[in-house]
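Overview (structure and organization)
Spelled out, the chains give:
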Amino acid sequence: MASESDDEFVTLLCTNPNAAEDTETFISTTDIHNWELSAILRCQTVKIQAHRVRLVEQSSYFHGLLSGSFCESNLSCVSIQWNMEVFINVLKCVYGCKVDITSKTFLSLFEAALYFGVESLLLTCKTWFSEASSTKGPGLLEIQVDDLIHIWNFGLEHVASTKLMKCGLANLQMQAISGKFFGDVPYNLLFHCIKHPDLTVYSEMHLADALLVWLTANTERLEPLSKAEDDCTGILNQLRISLLPLWFAAGKRRSCYFTELAEKSMETIFRLLKIPPADSIGIFDDGDLDHLRIRLTEYSKKVNLSGCPQITSVILLLSLLPNSYCVDFMLRKSIRQSLINLERLSANRDQCGSGILHGLPPILSFEGVEEVDISKCPRLHLESTIEIFLKSFPSLRKLRATHLLNFKTTTLHKLMLKCPRISEVDLTIDITPLIPAQVSVISSSPVIVPPLTNKSCFVGNNFLGMASYHSQPSVSNITRLILEGRSDISDTGISNLICRCSKLHSILVCDTSFGINSIQALCSGITSFGPAASDLEKRCSDTLAFKLQTLHIGGCMGVDERSLFDLMSQTQALVSLCLRGTHVVDDALYHFPGSSLEILDISNTMVSGDALAYIVNGNPALKCLNARGCKNLIHQGSNTSGTELSSSYSCRDLYTVLGKKCMLEEIAFGWGFSWLSLLALRPAIMSLRAISVGLGGSLGEDALRLLPTTCPMLESLILCFQVISDAIIINFMRSLRHLQALSLCYCLGDVSTSSFKNSIANLRKLRLERVTPQMTNNDLVVLTQNCASLVEFSLVGCRLLNSDSLRLISQGWPGLISVHLEDCGEVTATGVSYLFNCRALEDILLRHNGPGIPSSFILDAASKMPMLRQLALDLCDACEGDFDIPNDGNRYLLSIVKIARCKFQRSTNIYFQETHRRPVHKDTLVLVWNAQNLNSTVVKERI
């Protein structure tokens, strides 16, 4: 390093053709730390006095130029033909100053570092790129796709930098390169990223989706055809098709690029499904196990296995063993023997999972993983899976395990104990149709396992009593708890869980037994500070209710008005509130102290328009509002408590207040909603994504015609009991290019199937119920072509359809996860075998479509459709007069079965008695499996 006393200088002459001023300036590197870059760049010519020796020592370019035998070595002035701003940053690095690098400046600085041979700048660039392309670094997602492409192309032109590019690019998450420029990614770059061991993706489906996007964008570029086929094969063959979700593989059988691989994926998945979980250790007999290894790297933050019924604990464990263990024959033999313990656990789900890793070599730990999704993975042994999480994912904070009936409260308790960092848990299951307020029970079978008493709840190894909130120790860091649909957990059980979660700020328990005890657990701190009114704020601030940000208790009928009033009066910080179908009244809303609401659902309640307008006025950040089914919305509200309010509103002000105060994204209205209401809302709904208009609302043709113009960003449109026409529907199909869900139910008007002859590629859900009675098989074919991406399909009242319709539906939409067909001619008159082509179905309703359904259909559907959870049939369609009911061992994921029965109504005219005999509903048998038992119930209603 040259000393500061060295007085031999050289002048560097830089020019800036884009300078704002035609001026010249002189600066010296002795004052480099005080340079003002903006002032320097305004000059057209800049002369820089620099230390000759410093340049020679720090730059190979200047070393060759100023210290060699060239004639230029004695020059006192050197002209620099380089971008002035970039070169000034090069000099700063030479003199030890900090250089700020961004994705926009990286290439220019890296190229300058290579050209001038400044090793310190090269190292700085490499360090920045490594951090920016790593999901652990502070520069996560800083490199955009267009920057990435430029960096790759630059690397190809400069061999010296290729190694740097290869080391860093593969560390980028696929999410970071799936934007609008993703189609411009060069084939070689894409292929290299996929092959790199550090490729980081959330799931194999995530990778497959990205590749299909790239192939679609590059079809014309991959010329000739043979090269296109080779490139497609080369890229797609890198996918581990054994790990794709069943619904994804089923749906891609119509993809022009993915058809063959999708079929292979389906075959592999069902081959794995035929192997009992306890025998899945046999996969170690296979030669190559890479196709079963979940992609995990040191950069992984999220693991998504949802919708993969083929995943077992053995397959999960395989992905966590070092790859060398699976290659070495002797080690594989040892591992196989050690996993016998896990086999036995998988065979007996009631055994605990402790000690399952005993005898195994150390498994890998991925400290970056914070989120795991195992939803709809019924073959996982949950106890052993928790043990695996404890060892391999020590930083795990979020767990989604929805639609797993075997995830009991005992399992949740063990999760809380063994994975103390867990902060969010989602255990959602399907909502039981046996809602007391909506059904009349005729008979019910005895419960196999006695329900928990009101005094106590057995959770794991602890007997939890109803002690006060503050007397129990905090054993959990859970902040967000989702138990929606978990009717198997009593109110006492929920309240005990709440008491164990002192940091809880979000609780979503819609359609559960959440009741008075649970509210007391949320509000229990109020009793510890005395009754003085002046201390109210202090007393409330000590409760969980005061800190709640999300409260979803829709459908929880165990909450009375008074308890709900007490709870609402303490929820100061709520952002999301769902009170659907509860006993909430105006007083509770008038005493709600919050001002931060963004989501509010008060559908099917007795609240008035006045009270709702009061809430809206105090919560201007409201984005989503659901008020369907609120009959009192058009009536004058009341404040029975007599409390004086700061202001009052009439129901007619509701939409005016919404229009002036809010920027809405989702709305749902019924009673009293009209064209005038929509006009008042217009300023607030320009960015609306979802609208639902139900019974009691009447938009009219003018409003519906202008809806695509008023709300061009709509993704979901639900219209029930509205007057519509072909012109309106055609306008929807042509104008709403972002539409993903369309429901037209029980609407009146002149509607024909010609309305659906426009392509709408993004549509995922379509319900046409009592609106297209003239639909034929030819119309179905057109629908499958124009709405090729459907995953949920419902038809009611299409009586011209016949037995060929099921074939058209299953071939046109093989990836359906939900299909409802009711009163649709002779669709099932000759059988339902074609429906088994839709192997990923989760929800089926077939009623009054022809008596061709065999008695074994429920058993066959459960075994051939491993994701099936809900099934609704009618005995009128049973060709043998009845249906066989599965037991717990052969129901797979099936949790709800509804079988309606009819009786024939006789005509009073004896001469036309046979002609006028028609079936009318009699009752419905409802079978509901939960984590503890099977309930068999007969109700009057048709549900």
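Residues numbered from 1 in each chain as written. Predicted model: local features only at pLDDT ≥ 70, side-chain atom pairs only at ≥ 80, totals over all residues. Heavy atoms only, no water.

This part takes up a nonpolar patch on the surface. Side chains of Leu-695, Phe-721 and Tyr-746 sit close together on the surface and give an oily, nonpolar patch of about 300 Å² of accessible area. Of note, Leu-695 is situated in the loop between β19 (690–693) and α29 (700–710). (Patch = residues over 30% accessible without salt bridge, like charges linked within 9 Å, V, L, I, M, F, W, Y side chains within 5 Å. Areas by Shrake-Rupley, 256 points an atom, 1.4 Å probe, with all protein chains shown as cover. Salt bridge = Lys/Arg side-chain N within 4 Å of Asp/Glu carboxyl O. Helix = DSSP H or I, 4+ residues; strand = E, 2+ residues; numbered from the N terminus.)

This brings us to the packing of helix α4 (residues 84–94) against helix α5 (residues 106–116). It is the contact of α4 with α5, at a shortest axis distance of 10 Å, that shows an interaxial angle of 65°. Handedness of the α4/α5 crossing: right-handed. Residues Val-86, Phe-87, Asn-89 and Val-90 of α4 touch α5, and the partners they reach there are Ser-108, Leu-109, Ala-112 and Phe-116. Among the residues forming the contact of α4 with α5, the class breakdown is six nonpolar, two polar and no charged. (Axes fitted to C-alpha atoms, helices over the stretch in contact; angles between N-to-C directions. Left-handed = near helix turned anticlockwise from the far one by under 90°. Contact = heavy atoms within 4.5 Å. Nonpolar A, V, L, I, M, F, W, Y, C, P; charged D, E, K, R; others polar.)

Another aspect to go through is the sheet that holds strand β4 (residues 77–80). Pairing in this open sheet of four strands is mixed, and the strands run β2-β3-β1-β4 from one edge to the other. Edge positions in the sheet fall to β2 (21–28) and β4, since each of these pairs with one other strand and no more. Adjacent strand axes in the sheet meet at a mean angle of 20°, parallel and antiparallel pairs treated alike. Sheet topology note: the strand β1 (residues 9–15)/strand β3 (residues 43–51) ladder contains seven bridges and is antiparallel. Note that in β3 the partner of Leu-13 across the bridge is Lys-47. Packing of α4 onto the sheet brings it into contact with β1, β3 and β4, and relative to β1 it is tilted by some 155°. (Pairing = 2+ DSSP bridges.)

This next bit is on the confidence of the model for the protein chain. When pLDDT drops low, the exact placement of atoms in the prediction is not to be read closely. Here the protein chain shows a mean pLDDT of 83. Residues at 70 or above account for 79%. This model gives residues 137–141 a pLDDT under 50, and the stretch forms eleven contacts once residues within four places in sequence are excluded. Considering only residues more than four positions removed or in separate chains, one finds that residues 526–534, a stretch of pLDDT under 50, has 13 contacts. (pLDDT = per-residue confidence, 0-100.)

Summed over the entire model, instances satisfying the criterion amount to 23 aromatic pairs. Here Tyr-61 and Phe-62 contribute two aromatic rings whose centre-to-centre distance is 5.1 Å and whose plane-to-plane angle is 85°, an arrangement assigned as edge-to-face. Residue Tyr-61 is classed as partly exposed on the basis of its relative accessible area of 26%. Measuring from centroid to centroid gives 5.3 Å for Tyr-655 and Phe-669, while their planes differ by 70°, and the two rings are edge-to-face. With Tyr-655 in helix α27 (residues 653–661) and Phe-669 in strand β18 (residues 666–669), this pair connects stretches of sequence that are 14 residues apart. Residue classification places Tyr-655 among the buried positions, given a relative accessible area of 9%. Using a relative accessible area of 1% as the deciding quantity, one classes Phe-669 as buried. Lying over the aromatic face of Tyr-202, Lys-302 brings its terminal NZ or CZ to 4.3 Å of the ring centre. One cation-aromatic arrangement involves Arg-839 over Phe-270; the distance from NZ or CZ to the ring centre is 3.8 Å. (Phe/Tyr/Trp six-rings, centres within 6.5 Å; stacked < 30°, edge-to-face > 60°. Buried < 20%, exposed > 50% of the residue type's maximum accessible area, 1.4 Å probe, protein only. Lys NZ or Arg CZ within 6 Å of the ring centre and 35° of its normal.)

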